[in-house]
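Structure at a glance
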Amino acid sequence: MNSTAPVAWQKLYRELLSLSVYRRTGDRPVTGALIQLMEKAAHGDPDGVCERWGHLCAVLAARKRLVSLPEAVAEEILEDDNPFVRWLAGGEPVSGLLREAALRDLRVLYQAASLTPEQWAQAAGEELADCLPSWGVQAAPSPLDRPWDECLEALSAYHRRCGCGVFARHHAFLWRDGTLLPVEHPDPIRLSNLKGYEYQRGVAVNNTRALLDGFEANNMLLYGDRGTGKSSTVKALLNEYAGRPSRLYFARRMTQDLGGAKIYLKREDLNHTGAHKI
């Protein structure tokens, strides 16, 4: 995008206000701060632009994304849970109107996220351009490494592999009191960190690989004295195989329990059904 081209602030702000499929991205920290900044620019409020500019930079800094506003917004897009990405995650064709609305939202979000600090300075006042903090606008990584409304094929592959919403953000979960809770900071232990009991660990590994490869597999109950590696084995298996391409299964009963939102599980999700049970 031309860093010196004039910006139609009111038009772009109204387009952001009318987001539909990706509407909830406006409630996320970075995209929400960007929309607030756009509001001040659209209303011709230089003081408000400066205040919201600083807020956006603070949010980017907190997420370690000052080098790329597009990457920060792209992360929130990939983590969004909406009807469009659910269809993509399930590998099903998307209806024409839903597809058009989603691609339109992606175009608008890309245009807003790609504005350079030099362009924003038009709304703050050129004399302030050198006094305000800055952020980078390098392209987001794959699958949104091109204009976002041109990334449908890459987005489809991403959501089929990673799921959507909370499932795209996390790979470890606990089932507690009828609710699926994400593990924010899973133990990073790997199989290579585990020493001893090679035979027992090999049984768990082979059973997990059989399940992922579509062969018959068994439920497994790990037992033994405290500190012998039961939990560590489960955590290491998760870290070893999470993200591996595998089929999605529609979890009918979990869908009903969680109020009707369609839940799809990958084979590795099905394999890890308890703290010590596989």
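Use the structure listed above.
Residues numbered from 1 in each chain as written. Predicted model: local features only at pLDDT ≥ 70, side-chain atom pairs only at ≥ 80, totals over all residues. Heavy atoms only, no water.

The next thing to look at is the overall build of the protein chain. Within the protein chain, the secondary structure is distributed over 13 helices and four strands. With 278 residues in all, the protein chain has 43% of them scored as buried. For the protein chain, the share of sequence-separated contacts (at least 6 apart) that also reach a separation of at least 24 residues comes to 68%. As displayed, the protein chain has an accessible area near 15100 Å², and 51% of this comes from carbon and sulfur atoms. (Helix = DSSP H or I, 4+ residues; strand = E, 2+ residues; numbered from the N terminus. Buried < 20%, exposed > 50% of the residue type's maximum accessible area, 1.4 Å probe, protein only. Contact = heavy atoms within 4.5 Å. Areas by Shrake-Rupley, 256 points an atom, 1.4 Å probe, with all protein chains shown as cover.)

Let's shift gears to the packing of aromatic side chains. For the structure shown, the criterion picks out five aromatic pairs. Seen from their ring centres, Y110 and W148 are 5.3 Å apart, and the 70° between their planes marks the pair as edge-to-face. Note that Y110 is positioned in helix α6 (residues 96-113) and W148 in the loop between α7 (117-124) and α8 (152-162), a separation of 38 residues in sequence. Note that R201 overlies the ring of Y197, its terminal NZ or CZ placed 5.7 Å from the centroid. (Phe/Tyr/Trp six-rings, centres within 6.5 Å; stacked < 30°, edge-to-face > 60°. Lys NZ or Arg CZ within 6 Å of the ring centre and 35° of its normal.)

Take unusual backbone geometry next. A cis amide bond links S142 to the next residue, P143, at an omega of 15°. Position of P143 among the secondary structure elements: in the loop between α7 and α8. Positive phi outside glycine occurs at K64, with the angle close to 55°. Here K64 shows up in the loop between α3 (46-62) and α4 (69-78).

As for its position among the elements, P141 is in the loop between α7 and α8. Owing to a relative accessible area of 45%, P141 belongs among the partly exposed residues under this scheme. Distance from P141 to A74, taken between C-alpha atoms, is 8.6 Å for residues 67 residues apart in sequence.

When the terminal C-alpha atoms of helix α2 (residues 29-42) are compared, their 20 Å separation across 14 residues agrees well with the 20 Å that a helix rising 1.5 Å per residue should span. With respect to burial, α2 is a largely interior element, ten of its 14 residues being buried. Listed as buried for α2 are V30, T31, G32, A33, L34, I35, L37, M38, A41 and A42. Looking at the packing, one finds that the buried side of α2 touches α1 (9-17), α3, α4, α6 and α7. Trailing α2 by a residue or two, G44 shows a phi angle of about 65°, which is positive. (Expected span 1.5 Å × (residues − 1).)

The subject of this paragraph is the state of the cysteines. Summed over all chains, the structure comprises zero disulfides. Unpaired in terms of disulfides, C131 finds its nearest cysteine sulfur in C50, a separation of 9.0 Å. The exposed category is assigned to C131, whose relative accessible area is 59%. (Disulfide = S-S within 2.5 Å.)

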